[in-house]
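An overview of the molecular structure
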Amino acid sequence: MSQTFNTKSPTIKRIFREAEELSKNPTEDYHAAPLDENLFEWHFTLRGPPGTPYSEGIYHGRITLPPLYPLRPPSFRFMTPSGRFEVNREICLSISGHHEDTWQPAWGVRTAVVALRGFMETEAKGQVGGVECDEETRRGIARGTGEWRCSGCGGRSNGEILEGCRVLVQEMGGSGKSEEGVVEGIKIGYKDEGGVGDAIATAPEASTPPAAAGASSSTTPQPQTSTTPNSHRPIPTQSNPPPQPEIQTPWLDKLILALIIVLLAHVVKKIASHY
């Protein structure tokens, strides 16, 4: 790179580490790297997810890292039309500057590119930076994206960039196919109905198989309670306790009687003394 950076800076160390990791572990499905003239501006190229109207497309975009990266989140925008995201407008993700409170420093550029690719399969539905479009239009846009060229990436086309990744993967003996899924917790932001702030919607999850859905909706059988009438139930018997022997205390009775007589005599004497 032509610029000089403070290699002791945690931000610079992190950016170099991510760039090195991406170059050493390439995939045919996407590519991301910083520009030569600006370490904080990255460009990404990704292949549309298979089985979607974008499957024939190769899309290009820009990631801008903040000076305090990774403590603060980057911003993302597509530079090529896709029929899903607006061109050159920031996309609202839970890992972008729109939602700094949900950003996690452990996430990085690779995490973001995988998320962007995965969220192409979702519908816009008022998403910030999203586009409503029919599938046929998206397929038509996809067919022309491979020839799009970026001046910041040496004038190479999207197709040439991913072809270079394919060759590199073959030379390194890798599989070349990305198997990462969208990291749990990464979401797309949508405008809420009241127009205040952004609501959050997650990426689509696999639907529950019909068999599993039927099993979950069925009523759980309740245990049967006994209907045996009371007359048929055994009546518990209770044995009578053995009689306790009576304790004879005649001397105690005589003592109590004597005390009562003494107290009465004392009371009578007190009364007589007053008269």
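Anything mentioned here points back to the structure above.
A brief look at the structure comes next. Values in this document were obtained by computation on a predicted structure and should not be read as measured data.

That bond from Tyr69 to Pro70 is cis: its omega, 5 degrees, falls within 30 degrees of zero. Along the polypeptide, Pro70 turns up in the loop between strand 3 (58-64) and strand 4 (75-78). Residue Asn88 is not a glycine yet carries a positive backbone phi of 55 degrees. Within the secondary structure, Asn88 is located in the loop between strand 4 and helix 2 (109-119).

Note on placement: Arg77 falls in strand 4. From its side chain, Arg77 meets the backbone oxygen of Asn88 in a polar contact 3.0 Å long. In this structure, Arg77 is in contact with Phe44, Gly61, Arg62, Asn88, Arg89, Glu90 and Ile91, ignoring residues within four places of it in sequence.

Let us look at the nonpolar core. Counting residues in each nonpolar core, the largest one holds 33 residues, and the members touching the most others are Trp42, Leu46 and Val109. Elements with a contribution of two residues or more to this core: helix 1 (10-24), strand 1 (30-34), strand 2 (41-47), strand 3, strand 4 and helix 2. Broken down by element, the residue count for this core peaks at 7 residues, all from helix 2. Apart from residues no more than four positions distant in its own chain, Leu46 is found in contact with Asp29, Tyr30, Gly57, Ile58, Tyr59, Phe78, Val113, Leu116, Arg117, Met120 and Leu162.

Taken as a whole and judged by the stated rule, the model has 13 salt bridges. In this structure, Arg47 engages Asp29 in a salt bridge whose closest nitrogen and oxygen atoms are separated by 4.0 Å. Of this pair, Arg47 sits in strand 2 while Asp29 sits in the loop between helix 1 and strand 1; the two residues are 18 residues apart in sequence, bridging distant segments of the chain. Arg47 sits in the partly exposed class, given a relative accessible area of 25%. Residue Arg117 is joined to Asp29 by a salt bridge in which the shortest nitrogen-to-oxygen separation is 3.8 Å. Residue Arg117 is located in helix 2, and its partner Asp29 is located in the loop between helix 1 and strand 1; the two are separated by 88 residues in the primary sequence.

Attention now moves to the sheet that holds strand 2. On the basis of which strands lie adjacent, the open sheet formed by 4 strands has the order 1-2-3-4 and antiparallel pairing. At either margin of the open sheet sits one strand with a lone partner, and together these are strand 1 and strand 4. With direction set aside, neighbouring strand axes in the sheet form an average angle of 20 degrees. Of the pairings in the sheet, the one linking strand 1 to strand 2 comprises 5 bridges and is antiparallel in character. Within the sheet, the bridge partner assigned to Ala32 lies in strand 2 and is Phe44.

What follows concerns the packing of aromatic side chains. The relation between two aromatic rings is expressed through the spacing of the ring centres and the mutual angle of the planes. Within the structure shown, the criterion is met by 5 aromatic pairs. Note on Phe44 and Phe78: the rings are 5.4 Å apart at their centroids and 90 degrees apart in plane angle, and the pair reads as edge-to-face. Remark: Phe78 occurs in strand 4 and Phe44 occurs in strand 2; sequence separation between them is 34 residues. Accessibility expressed as a relative area gives 0% for Phe44, which makes it buried. Given a relative accessible area of 0%, Phe78 falls into the buried group.

The rules behind these values
All chains use their own residue numbering, which begins from 1 and follows the written sequence. Restriction of local features to residues with pLDDT of at least 70 applies here, the model being predicted, together with a cutoff of 80 or more for giving and counting side-chain atom pairs; totals for whole chains, interfaces and linings are based on all residues. The side-chain numbers reported here are obtained from all heavy atoms of the structure, hydrogens and water having been left aside. Helix and strand definitions here come from DSSP, where helices need a minimum of 4 consecutive H or I residues and strands a minimum of 2 consecutive E residues; each element is numbered from the N-terminal end. Polar contacts, as counted here, are pairs of nitrogen or oxygen atoms within 3.5 Å of one another; within protein the pair requires one atom able to donate a hydrogen and one able to accept it, and residues that are adjacent in sequence qualify only if both atoms are side-chain atoms. Two residues qualify as a contact provided that any one of their heavy atoms is within 4.5 Å of a heavy atom in the partner residue. The criterion is simple. A nonpolar core is a set of buried Ala, Val, Leu, Ile, Met, Phe, Trp, Tyr and Cys residues joined through side-chain atoms within 4.5 Å. Buried, partly exposed and exposed residues are distinguished by accessible area as a fraction of the type maximum, computed with a 1.4 Å probe on protein chains only: under 20%, between the cut-offs, and over 50%, respectively. Here a salt bridge means any side-chain nitrogen of Lys or Arg lying within 4 Å of a carboxyl oxygen belonging to Asp or Glu. Only strands joined by at least two bridges in the DSSP assignment are considered to pair. To get an axis, a line is fitted to the C-alpha atoms, and for a helix only the part in contact is used. The angle between two axes follows their N-to-C directions and goes from 0 to 180 degrees. A pair of Phe, Tyr and Trp rings is counted when the ring centres sit within 6.5 Å of each other, with Trp represented by its six-membered ring. The angle between the planes then sorts it: under 30 degrees is stacked, over 60 is edge-to-face, the rest tilted.

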